[in-house]
Amino acid sequence: MPVIVPARLAFTADGTPWSEGYGDVYHSSDGGLEQARHVFLAGNALPARWRGREQFVVLETGFGLGLNFLATWQAWQTDPQRSARLQFVSVEKHPFGCADLATLHRHWPELAALAAQLQSAWPPLAAGFHRLRLDGGHVTLTLMLGDALDMLNRLTADADAIYLDGFAPAKNPELWSPELMRALTRHAAPDATLATWSVAAAVRDTLTEAGWHIEKRPGFAAKRDMLTGQRPGPSVIKKPAHERSAIVIGAGIAGASCAASLASRGWQVSLIERHDAPAQEASGNPAGVLLPMLAKDAVNTQARLSRASYFYALRLLHELARSDNSPLRWAPCGVVQIARDTEHEAEQTELLARLGLPAEYVTFLEREAISQMLGRPVERGGWHFANGGWISPPTLCQALIAAGGDRITSHFGHEVGSLRWLAGVWHASDAHGRSLATASHVVLANADAARRLVPDAELPFTRVRGQVSYLPGTRLSELRMVVCRDGYVTPPAPVGRGNESLCCLGASFDFGDEDSTPNEIGHRGNIEKLEHMLPGASDGIDVTGLEGRVGFRTTTPDRLPLVGSLPTADRCRAQDRLETLERTQGLHCLLGYGARGMVWAPLAAELLSAQLEGEPLPVERDIVAAVDPARFLLRAIRRGRR
Ligand SMILES: Cc1cc2nc3c(=O)[nH]c(=O)nc-3n(C[C@H](O)[C@H](O)[C@H](O)COP(=O)(O)OP(=O)(O)OC[C@H]3O[C@@H](n4cnc5c(N)ncnc54)[C@H](O)[C@@H]3O)c2cc1C
Ligand SMILES: C[S@@+](CC[C@H](N)C(=O)[O-])C[C@H]1O[C@@H](n2cnc3c(N)ncnc32)[C@H](O)[C@@H]1O
């Protein structure tokens, strides 16, 4: 993945935004908003075409200042007959930083409210896909930061309308190349339309060759013509392909995120949990850390997914925290990840210099700077994730379930013993065969216990015991941020029983240990970790008096979660590919979150929901494949193990 070079803010003498790099204006000097409405909206017969649809998908080349996006969102929002949801997908190689976007948007006061929402969700400028939930989840912007051709080749989407908005073809040829037009055409729905301000002969020719019926129309302001295009084919109104109901099994962060995500799309969800409340197992710690992982190479799948998931989780947490009476407890107080030794310190600095990651995401801080921030000496420098922090996962689960409103029916205190597919419907029953719920879809979000419900599925999980220890908040009262090294400690927060102030210290990794009660060995290990992070902090702690909690992580051999539809095991053959493999109708999973569930859960739920709804997917195709639940079955069959 390339390093993103942001756009530089510049204007022509008449105040039109100008690109020094491309030597062209961002929009007509006769009015950017009017141009957006004339060329891109009217050129695609909008708003009329989104009416009567569940969702409408726009795909754009060149996000620029987001004017086309804001104009589309505004037109959609003010249309009483709008589609239930608007999906906007756009690619940008040189995005503006947020402050520059705000400066640019000030020119259109009528867009101020929408522009402010966009700016507050604007991601750090790291390469790859960023999924932004706007307008309470009714509008989604999938922003692909990188070169258009590369990004389009990684996209899964069927666009209903395409906006071709590169700079002039002579100045920006790669955004109008035949290859790019073919890539766009591959993403066009059968009844898609397109529009562009350009009428260059080469553009007309490449579009015609790619299969479009091109028409010249009166252009905007001083431009005589513009182009519109239509794909030959019947006009199909997209309808949801199936009844939108789901049984979600497990109310930890995987299940609660899934229930909320489906409910926000209008699904009816039966959330079944064997305990009397959500988040009683792995998701039950009073506080955990929201921290992504970095890798040495820029293309590493785990690191890219972790980054996208971290950004998505942060945006969702801010959104949930804004809602009235939210039970959510969390703090984006920042996380420092202190280097283990001098070698690791050098690696940390080198890696950031090489990957060119945005400072809003991560920076390297010297030992002195960290010591100053923490108010106590540390041994090494380390990475600083200024927007990371801690979350109380049980309150996150409660907030997610509450956000689903009456679309989520919770069935606490019921354990699903079996699943049956009968007459096109899934039936979940308890161990005595009593029916608990029926729905068109089932999502297994019950960690390693899923294996009992689908014994045929290849789910090579390892259960890893983890123990956390609680310290009274007064012990580290000066601590204001999360500190990590080979373990972590959260700053004092009212997350204990009766809102008692606690620091959460963790965590052990105990393979092959099924002891579900906290023990002294675990506490001792955690206290040692504390001493490595914050020398002197363990002085005087009596481990025999510590309280804590045990949970079990569900880890996978490749340390990636399982997100998607389960394959039909007995129909899978060695020569199959993930894309062609037969799937069991309506059976999906969100499993294997290992030690990073707080980071994975929200985006994984968004990915599964997008798959079920046929929306543009929020992550790159190679990431979708990397988390495909069928990967282990396919590997087992290819190795002759099944
Ligand atoms: C000690 C420890 C510390 C951790 N620290 C962090 C951290 O700092 N940051 C981080 O990101 N992650 C951390 N993790 C990892 C994170 O907690 C997990 O990845 C995450 O909680 C997994 O969520 P889940 O919903 O998949 O599983 P769970 O929370 O275990 O939820 C599964 C649910 O399914 C229910 N269930 C199972 N079978 C059935 C059935 N048949 N019928 C009905 N219900 C059923 C269970 O009761 C359970 O509630 C930590 C984990 C541990 C153990
Ligand atoms: C005319 S501007 C788009 C204006 C934008 N649609 C709006 O509404 O504000 C063209 C944009 O295309 C981007 N661009 C140019 N070449 C690109 C490429 N190869 N890949 C992705 N984006 C590119 C430019 O950085 C610029 O922001």
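First, a word on what this report is: a plain description of the structure on this page. Sequence positions are assigned chain by chain, starting from 1 and proceeding in written order. Following the order in which they are written, the chains are lettered starting with A and the ligands numbered starting with 1. Restriction of local features to residues with pLDDT of at least 70 applies here, the model being predicted, together with a cutoff of 80 or more for giving and counting side-chain atom pairs; totals for whole chains, interfaces and linings are based on all residues. Heavy atoms from the whole structure form the basis of all side-chain values; hydrogens and water molecules are not counted.

## What to know about the nonpolar core
What is meant by a nonpolar core is a set of buried Ala, Val, Leu, Ile, Met, Phe, Trp, Tyr and Cys residues, joined one to another through side-chain atoms within 4.5 Å. Think of it in three bands: residues with accessible area under 20% of the maximum for their type are buried, residues over 50% are exposed, and the middle band is partly exposed, with areas taken using a 1.4 Å probe on protein chains only. Leu290, Leu294, Phe385 and Leu590 are the most contacted members of the largest nonpolar core, which totals 85 residues. Comment: elements are numbered from the N terminus, with helices defined as DSSP H or I runs of at least four residues and strands as E runs of at least two. With 11 residues, the single largest contributor to this core is helix H15 (residues 597-613). In terms of nonpolar packing, the next biggest core, distinct from the first, is built from 79 residues, Phe69, Ala157, Leu175 and Ala210 among them.

## What to know about the pairing of strand S30 (residues 562-567)
The buried count for S30 comes to 5 of 6 residues, which makes it a mostly enclosed element. In this description, strands pair whenever DSSP reports at least two bridges between them. As paired strands, S30 and strand S31 (residues 583-591) are joined by 5 bridges and run antiparallel to one another. Considered in S31, the bridge of Pro567 is made with Arg583.

## As for the packing of helix H8 (residues 253-263) against H15
Closest axis-to-axis distance for the H8/H15 pair is 8 Å, and the angle between their directions is 40 degrees. On the basis of the axis angle, H8 is oblique to H15. Seen from above, H8 lies across H15 with right-handed handedness. On H15, the residues that touch Ile253, Ala254, Ser257, Cys258, Ser261 and Leu262 of H8 are Gly597, Met598, Ala601, Pro602, Ala605, Glu606, Leu608, Ser609 and Leu612. Nonpolar residues are Ala, Val, Leu, Ile, Met, Phe, Trp, Tyr, Cys and Pro. Charged residues are Asp, Glu, Lys and Arg, and all others, Gly as well, are polar. Class assignment of the residues belonging to the contact of H8 with H15 gives a composition of 10 nonpolar, 4 polar and 1 charged. Here the axes come from fitting lines to C-alpha atoms, over the contacting stretch only for helices, and the angles between their N-to-C directions go from 0 to 180 degrees. Roughly parallel means an angle under 35 degrees; roughly antiparallel, over 145; roughly perpendicular, 65 to 115; everything else is oblique. Here a crossing is called left-handed whenever its near helix is offset anticlockwise from the far helix by less than a right angle, and right-handed whenever the offset is clockwise. Here, residues are in contact when the closest pair of their heavy atoms is within 4.5 Å.

## Considerations on the sheet that holds strand S21 (residues 425-429)
Strand order in the open sheet formed by 3 strands is S20-S21-S22, and the pairing between neighbours is antiparallel. In the strand order of this sheet, the two ends are held by strand S20 (418-422) and strand S22 (435-439), each with one partner. If you compare each strand with its neighbour and ignore which way they point, the axes differ by 20 degrees on average. Here 4 bridges tie S21 to S22, and the two strands are oriented antiparallel to one another. Opposite His427, over in S22, you have Thr438 as the bridge partner.

## Regarding H8
Helical periodicity: at 3.6 residues per turn, an α-helix aligns residues three or four positions apart in one direction. With 11 of its 11 residues buried, H8 lies for the most part within the structure. Along H8, the residues that are buried comprise Ile253, Ala254, Gly255, Ala256, Ser257, Cys258, Ala259, Ala260, Ser261, Leu262 and Ala263.

## Thoughts on the site of ligand 2
Residues are counted as near a molecule or strand when any one of their heavy atoms sits within 4 Å of it. Around ligand 2, 21 residues are found, and the nearest of them are Gly62, Asn68, Glu92, Asp147 and Asp165. Any pair of N or O atoms that falls within 3.5 Å is considered a polar contact. Within protein, one atom must be able to donate a hydrogen and the other to accept it, and sequence-neighbouring residues count only if both atoms are side-chain atoms. Contact between ligand 2 and Gly66: an oxygen atom at 3.3 Å from a main-chain N or O atom of the residue. Accessible surface area values rest on a Shrake-Rupley calculation with a 1.4 Å probe, where residue burial reflects the displayed protein chains alone. Taken by itself ligand 2 offers 600 Å² of open surface, and the protein chains cover 98% of this. For the shell around ligand 2, the per-class residue count stands at 8 nonpolar, 7 polar and 6 charged.

## Overview of the packing of aromatic side chains
Pairing of aromatic side chains requires ring centres within 6.5 Å, counting the rings of Phe and Tyr and the six-membered ring of Trp. Pairs whose planes differ by under 30 degrees are stacked, by over 60 edge-to-face, and all others tilted. Tallied over the full model, the rule gives 18 aromatic pairs. Residues Tyr26 and Phe167 carry aromatic rings whose centres are separated by 5.1 Å and whose planes lie at 75 degrees to one another, so their mutual orientation is edge-to-face. On the criterion of sequence distance, the pair formed by Tyr26 in the loop between strand S2 (24-25) and helix H1 (32-41) and Phe167 in the loop between strand S7 (159-164) and helix H6 (178-186) is long-range, its members being 141 residues apart. With relative accessibility at 10%, the residue Phe167 sits in the buried group. Both rings, one in Phe63 and one in Trp122, keep their centres 5.7 Å apart while their planes meet at 25 degrees; by these two values the pair is stacked. Taken as a pair, Phe63 in the loop between strand S3 (55-61) and helix H2 (67-77) and Trp122 in the loop between helix H4 (112-121) and strand S5 (128-134) lie far apart in primary sequence, 59 residues in all. For the pair formed by Phe63 and Trp122, the shared burial category is buried. An aromatic cluster is present here, built from Phe40, Phe63, Phe69, Trp73, Phe88, Trp122 and Tyr163 joined pairwise through their rings. Cation placement over rings: the criterion is NZ of Lys or CZ of Arg within 6 Å of the ring centroid and within 35° of the ring normal. It is Arg82 that lies over the ring of Trp76; its NZ or CZ is 5.2 Å from the centre.

## Some words on the site of ligand 1
Near ligand 1 lie 36 residues; those nearest to it are Glu273, Ser283, Val289, Val416 and Gly594. In the environment of ligand 1, an oxygen atom lies 2.8 Å from a nitrogen or oxygen atom belonging to the backbone of Gly594. When ligand 1 is considered free in solution it has 1,000 Å² of accessible area, and contact with the protein chains removes 97% of it. Of all the secondary-structure elements, those providing two or more residues to the shell around ligand 1 are H8, strand S12 (268-273), strand S13 (288-290), strand S24 (462-472), strand S29 (547-555) and H15. For the shell around ligand 1, the per-class residue count stands at 18 nonpolar, 12 polar and 6 charged.

## Regarding the sheet that holds strand S14 (residues 330-331)
On the basis of which strands lie adjacent, the open sheet formed by 3 strands has the order S13-S18-S14 and antiparallel pairing. This sheet does not close on itself; its edge strands, each paired only once, are S13 and S14. When S13 meets strand S18 (residues 389-391), the two strands line up antiparallel, connected through 3 bridges. Opposite Gly288, over in S18, you have Ile391 as the bridge partner.

## Re the packing of H2 against H4
Contact pair H2 / H4: the axes reach a minimum separation of 10 Å and the direction vectors enclose 120 degrees. Of the possible angle classes, the one that applies to H2 and H4 is oblique. The chirality of how H2 crosses H4 is right-handed. On H4, the residues that touch Phe69, Leu70, Trp73, Gln74 and Gln77 of H2 are Leu114, Ala115, Gln117 and Leu118. Its residues assigned to classes, the contact of H2 with H4 shows 6 nonpolar, 3 polar and no charged.

## Topic: the side chain of Arg549
With respect to the secondary-structure elements, Arg549 resides in strand S29. Buried charge without a partner: Arg549 forms no salt bridge, and the closest opposite charge is Glu281, 7.7 Å away. Of the polar contacts made by the side chain of Arg549, one reaches the backbone oxygen of Glu281; its length is 2.8 Å. One polar contact links the side chain of Arg549 to the main-chain carbonyl oxygen of Gly284, over a distance of 3.4 Å. Note that His is not counted, nor are the chain ends; the positive residues are Lys and Arg, and the negative ones are Asp and Glu. Whenever a carboxyl oxygen of Asp or Glu lies within 4 Å of a side-chain nitrogen of Lys or Arg, that contact is scored as a salt bridge.

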